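# Observations on the model geometry
The chain contents come next:
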Amino acid sequence: MSPVLDAKDQELKTVSRKLRKMLNGQPVVVKNAAHLHGLAAGLKHGEVVIEGHSGDYLGVLNDGATITVKGDAGKYLADNMTRGRVLVEGNADYGAGQYCYGGTVVVKGNAGDFTATMNKGATIIIGGDVGSEAGTYMLAGDLVIVGDAGANLGNYLIRGNIYVGGEWASLGHNTRLEPLTEEDVHKLEGYFAEHGIQADAHGFHKLAPLSAKPFYK
Amino acid sequence: MPVIGTFCVSVDKDVCVNAQSPGKCATCVEVCPYGVYEIDAQGQVHVNNYNTCVGCRICAEFCPANAIRINPAESEYLSRYPWTFGQIEEIHHKSLTGGYLLRGFGTAGPLPHFDGIVVVPSQLASESPRDKYREECQMEVVIGEDTAEEPITLRYPILFPAMSYGALSREAKLALAIGAAKTGIATNTGEGGVVPEEPYYANGYADPERKEQKWAPGGYLVIQWSTGRWGVSADYVNAGDAVEIKIGQGAKPGMGGHLLGAKVTEEIAAVRGIPVGSDALSPCRYYDVLSFEDMKKMVAFLRDVTDYKKPILMKLGPSRPYDDVRMAAEAGVDAISIDGICGGTGASPDVVTQGVGIPTIACIPPAVRALKDLGLHRKVKLIALGGIRNGLDAFKALAMGADAVGFGTAAEIAMGCRACMACHKGNCPYGITSQKPELRARLDPEEVGQRLANFVQATAEEIKILTMLSGHDDIRDLSEEDLRAVDINTAAITGLKMIGYERRLPWWENGHSS
C-alpha cells in the first residue's frame, strides 16, 4: 500500500512539507489536491500519484520525480521541468510543458493553447488534440501531437521537432514541413510503445524550423 | 547614441611615441576595437577612420604618451536641435537599412531627475545634526524579515540590480559578486542563468566548498526568474539567497530581455539553451501567467521551491507605479524594485529606451503611497532603480520613501565603463559587456571587484553624511521633510515641498492620489 496524503482543505506549505518527508522510496498518493497550485514543485526524486484532478503548475521545476495525474491537470503542467516524468491520464489545460529543459510530459487526453511553448529540450507527447500556438518559440526537444493542432502551430520555432498525427489549422512563422525519416518513425514508435498510445508513426507530419535566426538578419 | 563622426580623434604627433619612432608603439591600434587607427608597412600609425570612433576613449587611456584627445565634433544639441547630428544619423540608418536603431546602455538626454531636489540640513528648528565622525548610523536593510525563514540583511541600503550573464561578461558578473561580498550587499544574476562561481563568490568564498571566507563580510546573490527562463532549474532557483520575479525594466518596460546574436557565444548558448549566434529574445510577458491570480500562484510556488527560506522580490518597470506596486505587494512579495526610465539595458530599440516609461523620481512617491495604503511601507521593501548615480541621488530616493537603491549603470561605470552606449555591439573595450575573450581578458574580477567595493563604501559614506546632517541616525527615519524641490516641475511631480513656497503644491494638499 502506497502512503496516502489527503490534502483536503490544507495549504500548499503544509502539504508540500509532508509530501517531501513521505517521499522515501515508494509512490505517495495525494488526494483532494485540485485546489493546490504548484504542488510537487522542484522535486529531485520520488513518485507522486495525484488521485483526481490537479491544480495549476503541477510539478513546476520538476527535477527528477515521476508525477502521475489520474484525472485532469490544470494550467502550466510541468512548467520549467528539467528532468523527470509527468504523466496525465485525462486532459491538460493551457500551457502544458512550457519552458521545459528536459524530461518527459505525456498527456493522454487533449491539451490547451500554448502547449510546449519555449520547450528547450523536453519530450512532450499529447495523445489527443492541442489548442492554438503549440510549440511557440520552441528551442529544442520534441513535441508529439497525436491528434489535431490549432492555429499558428510552431510559431517561431528555433530548433527541435514537432510531429503531428492529425491536421492543423495553420502553421506559425519560421516553420516548414520536413519528410519523416526512419529515425523519426523509430523514435515515435518508441514513444508510443512506452506510453501505450495507439497511433501509426508513418502517418505523422514533421515540422522543422526554417532558420535558427529568424529575428534579425 | 554614438553615431558616425560624432567624435574628433586627434593625435599629438609631438609626443606620440610612434610618430617619433615608427614601430615602437601601436597601443592605440591594439586597443581600439573599431578600427580607428591603422599601422602601415613602415610601422607608422595613422588615424585611419575617425568616423568609427564611438568615444570610448580607451586609446587615450592606454596611450603611454597621453598623445590622444577625443572630442565631440560639435555641440549640435545647441546648434541644430531638434535636427541634431544623432537624429540625422538615425534617420539615415533607417532609410538605408530598413531597420530601427537598437542600442545598449540606457536613456540619454534631459528628463526630470534627482537634480531638481535638494537636501534640507538640520539647524535649530529640527532635530540637531548627528556627528558623522563620532556617532553611529543605522544603515542595514532586512528583506523578508517576517516572511522568509532566511531573510537577507544588506549592510547598506544598496544593491546591484539585475544585469544578465550574456549582456555582461562572465568576468563582470564575478566582479559584481566580489564587490557585493566585500561590502555585504546583494548582487543579482539577471535573467541569463548563473555563472557557476557566482553564488559562492557573492557569499564571499573563492571555493565552492566554502571553507574559508575570502571576501568579508560576504554578500548575497539574488536569483532572477524571468520570462525567458534561460538556464532556469530548481537548482538555479535555489543557488542564491533570494529570488526576484522580473516583470519589467526601466529601459524597455513592456518588452522582454534582448540579447543580440553577436553576444551568444558557445558558453552563453550552452547556459541559455539556444543555438550559437541566435538572438535570445525573452518574451515580453510570462507565458505561464494569464492572470493576477496566476502571478500570486507563481510567488507561492517560488516560496515552496525555496522551502519558504528565501525572500521573494519583484522587479517592475516604470508604468503605473501606484497600481503596479500595490498589485506586487498583494501578490505577496517581500521587496519590490521599481526601475525608472533611466534604467540601463544591454540592448533595446532606441525609441523605447528614450521615450517609454516614467522617470525614477515620479515612480517613488506613488509606490510609497501604495505601500502605505496597504500598511506595508517599510515592511515590504521598496528598492528604487534607474539612473541613481551617487550617495546624493540615493539619499533622495531613501528620503522619498524607498528602503534601498540599486546601482546598475553606476556599477558598470565603477567597473571602468565610459558610457559609450554601445553595449549591444559586444565590443566593450573594458570587457564588461563583451563576450570576446581578448576583451574580457582586460577585466580582472578581483581588481574590478575591489573598485566596486570602493564605490559602494564611498557611496554608503555619502548616504551616511547626508542622513546625519539632516538630524537622523537611522536611514529608516528619513522622510520627505528632509528634501525640497527646487523647481515647480519637480515639486509638481514628486509632491515635495518647494523651496521658497515651503509647502507642497496645492493639489498635493487636497487629497491627491494617483
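Note that the structure is a prediction, hence the values are computed from the model and not measured.

### Digging into the environment of Val130(A)
Residue and element names in this part refer to chain A. Within the element layout of this structure, valine 130 appears in the loop between β7 (120–126) and β8 (140–145). Its relative accessible area of 7% is what places valine 130 among the buried residues. When the C-alpha atoms of valine 130 and aspartate 9 are compared, they prove to be 32 Å apart, with 121 residues separating the residues in sequence. In contact with valine 130, other than residues within four places in its own chain, are Ala111, Gly112, Thr115, Ile145, Asp148, Ala149 and Gly150.

### What about the packing of aromatic side chains?
If you walk through the whole model with that rule in mind, you get 11 aromatic pairs over all chains. Consider the rings of Tyr94(A) and Phe114(A), whose centres lie 5.6 Å apart with planes at 35 degrees: the pair is tilted. Taken together, the positions of Tyr94(A) in the loop between β5 (83–88) and β6 (104–107) and Phe114(A) in the loop between β6 and β7 put the pair 20 residues apart, joining distant regions of the chain. Note on accessibility: Tyr94(A) and Phe114(A) belong to one class, buried. Here the aromatic cluster, defined as three or more aromatic residues joined through ring pairs, consists of Tyr57(A), Tyr76(A), Tyr94(A), Tyr99(A), Phe114(A), Trp225(B), Tyr287(B) and Phe301(B).

### What to know about the domain arrangement of chain B
Residues and elements named next belong to chain B. Once the domains are mapped, chain B shows domain 1 (7–76) and domain 2 (114–477). The centre of domain 1, based on its C-alpha atoms, is set 37 Å off from the matching centre of domain 2. Between domain 1 and domain 2, the contact holds 9 residues from the first and 8 residues from the second. Summed over both sides, the interface of domain 1 with domain 2 buries roughly 810 Å², with 55% coming from carbon and sulfur. Taken together, the links from domain 1 to domain 2 amount to 1 salt bridge. Between arginine 418 and glutamate 61 there is a salt bridge, with the nearest N and O atoms lying 2.2 Å from each other. At the boundary of domain 1 with domain 2, the tally comes to 2 residue pairs in polar contact (both at pLDDT 80 or more). Considering only residue class, the side of domain 1 that touches domain 2 consists of 6 nonpolar, no polar and 3 charged.

### Some points on the interface of chain B and chain A
Listed per partner, the contact involves 41 residues of chain B and 37 residues of chain A. The junction of chain B with chain A conceals about 3,200 Å² of combined surface from both sides, 56% of it contributed by carbon and sulfur atoms. The interface formed by chain B and chain A includes 7 salt bridges. Viewed at the interface, chain A and chain B are joined by 23 residue pairs in polar contact (both at pLDDT 80 or more). The set of elements that each furnish at least two residues to the side of chain B that touches chain A consists of α8 (234–237), α9 (266–272), β14 (280–281) and α10 (292–305) of chain B. Broken down by element, the side of chain B that touches chain A gets its largest block of residues, 6 residues, from α10(B). Class assignment of the residues belonging to the side of chain B that touches chain A gives a composition of 22 nonpolar, 8 polar and 11 charged.

### Focus on the sheet that holds strand β4 (residues 63–69) of chain A
All names here are of chain A. Spatial ordering of the open sheet is given by β1-β2-β3-β4-β5-β6-β7-β8-β9-β11-β10, a layout of 11 strands whose pairing is mixed. At either end of the open sheet lies a strand with only one pairing partner, and these are β1 (4–6) and β10 (175–178). Shown here is a sheet whose adjacent strand axes are inclined to one another by a mean of 20 degrees, direction ignored. Looking at chain direction, β8 and strand β9 (residues 161–164) are connected through 4 bridges and run parallel. Paired with leucine 143 across the strands is isoleucine 162, a residue of β9. Together, β1, β2 (28–31) and β3 (47–50) form the strand contacts of helix α1 (residues 12–22), whose direction differs from that of β1 by roughly 175 degrees. Docked against the sheet, helix α2 (residues 182–195) engages β5, β6, β7, β8, β9 and β11 (205–209), running at close to 65 degrees with respect to β8.

### Some details on the state of the cysteines
Residue and element names in this part refer to chain B. If you walk through the whole model with that rule in mind, you get 0 disulfides over all chains. Looking at cysteine 59, it has no disulfide partner, and the nearest cysteine sulfur is the one in cysteine 53, 6.2 Å off. Lacking any disulfide linkage, cysteine 417 is separated from the closest cysteine sulfur, that of cysteine 423, by 6.3 Å. Given a relative accessible area of 13%, cysteine 417 falls into the buried group.

### Structural notes on the side chain of Lys381(B)
Residue and element names in this part refer to chain B. Turning to its location among the elements, lysine 381 is positioned in strand β18 (residues 381–385). The charged side chain of lysine 381 is buried without a salt bridge, its nearest counter-charge being glutamate 145 at 4.8 Å. A polar contact of 2.7 Å, which involves the side chain of lysine 381, links it to the backbone oxygen of arginine 378. Ignoring anything within four residues of it in the chain, the contact list for lysine 381 reads Val141, Val142, Ile143, Asp334, Ala335, Ile336 and Asp403.

### Description of the pattern of salt bridges
For the structure on display, the rule yields 45 salt bridges over all chains. With a closest N to O distance of 3.0 Å, Arg17(A) and Glu149(B) form a salt bridge. Pair noted here: Arg17(A) is in helix α1 and Glu149(B) is in the loop between β7 (141–143) and β8 (152–154), and the two residues belong to different chains. On the accessibility criterion, Arg17(A) (28% relative accessible area) is partly exposed. Glu149(B) sits in the partly exposed class, given a relative accessible area of 43%. Its salt-bridge partner being Lys309(B), residue Asp307(B) comes within 3.1 Å of it at the nearest N-O pair. Given the relative accessible area of 28%, Lys309(B) is considered partly exposed. Three or more residues joined by partner-sharing salt bridges are found here, namely Arg170(B), Glu171(B), Glu197(B), Glu267(B) and Arg440(B).

What counts, and where the lines are drawn
- Residue numbers run consecutively from 1 along every chain, following the written order of its sequence.
- Written order decides the labels, with chains lettered from A and ligands numbered from 1.
- A pLDDT threshold of at least 70 governs which residues receive local features in this predicted model, and a stricter bar of 80 or more applies before side-chain atom pairs are shown or counted, although totals over entire chains, interfaces and linings include all residues.
- Computation of side-chain values: all heavy atoms of the structure, hydrogens and water removed.
- For the purposes of this entry, the term helix denotes a DSSP run of H or I that reaches at least four residues, the term strand denotes a run of E that reaches at least two, and both are numbered from the N terminus.
- The classification of residues rests on relative accessible area computed with a 1.4 Å probe and restricted to protein chains. Under 20% of the type maximum is buried, over 50% is exposed, and intermediate values are partly exposed.
- Two residues form a contact once any of their heavy atoms are found within 4.5 Å.
- Two rings from Phe, Tyr or Trp (for Trp, the six-membered ring) form a pair when their centres are within 6.5 Å of each other. A pair whose planes differ by under 30 degrees is stacked, one over 60 is edge-to-face, and the rest are tilted.
- Delimitation of the domains relies on an automatic or database domain assignment.
- By definition, the buried area sums, over both parts, the 1.4 Å-probe accessible area that each loses when the two are put together.
- The working definition used for a salt bridge is a side-chain nitrogen of Lys or Arg within 4 Å of a carboxyl oxygen of Asp or Glu.
- Each polar contact in these results corresponds to two N or O atoms within 3.5 Å; when the atoms are within protein, one needs to be able to donate a hydrogen and the other to accept it, and residues that are neighboring in sequence are counted only if both atoms are side-chain atoms.
- Charged means Asp, Glu, Lys or Arg here, nonpolar means Ala, Val, Leu, Ile, Met, Phe, Trp, Tyr, Cys or Pro, and polar covers whatever is left, Gly included.
- Strand pairing follows a simple DSSP-based rule, namely that at least 2 bridges must link the two strands.
- The angle between two axes is taken between their N-to-C directions and runs from 0 to 180 degrees, where each axis is a line fitted to C-alpha atoms and a helix contributes only its stretch in contact.
- Note on disulfides: each one is a pair of cysteine sulfur atoms within 2.5 Å.
- Two residue types count as positive, namely Lys and Arg, and two as negative, namely Asp and Glu; His and chain ends fall outside the count.

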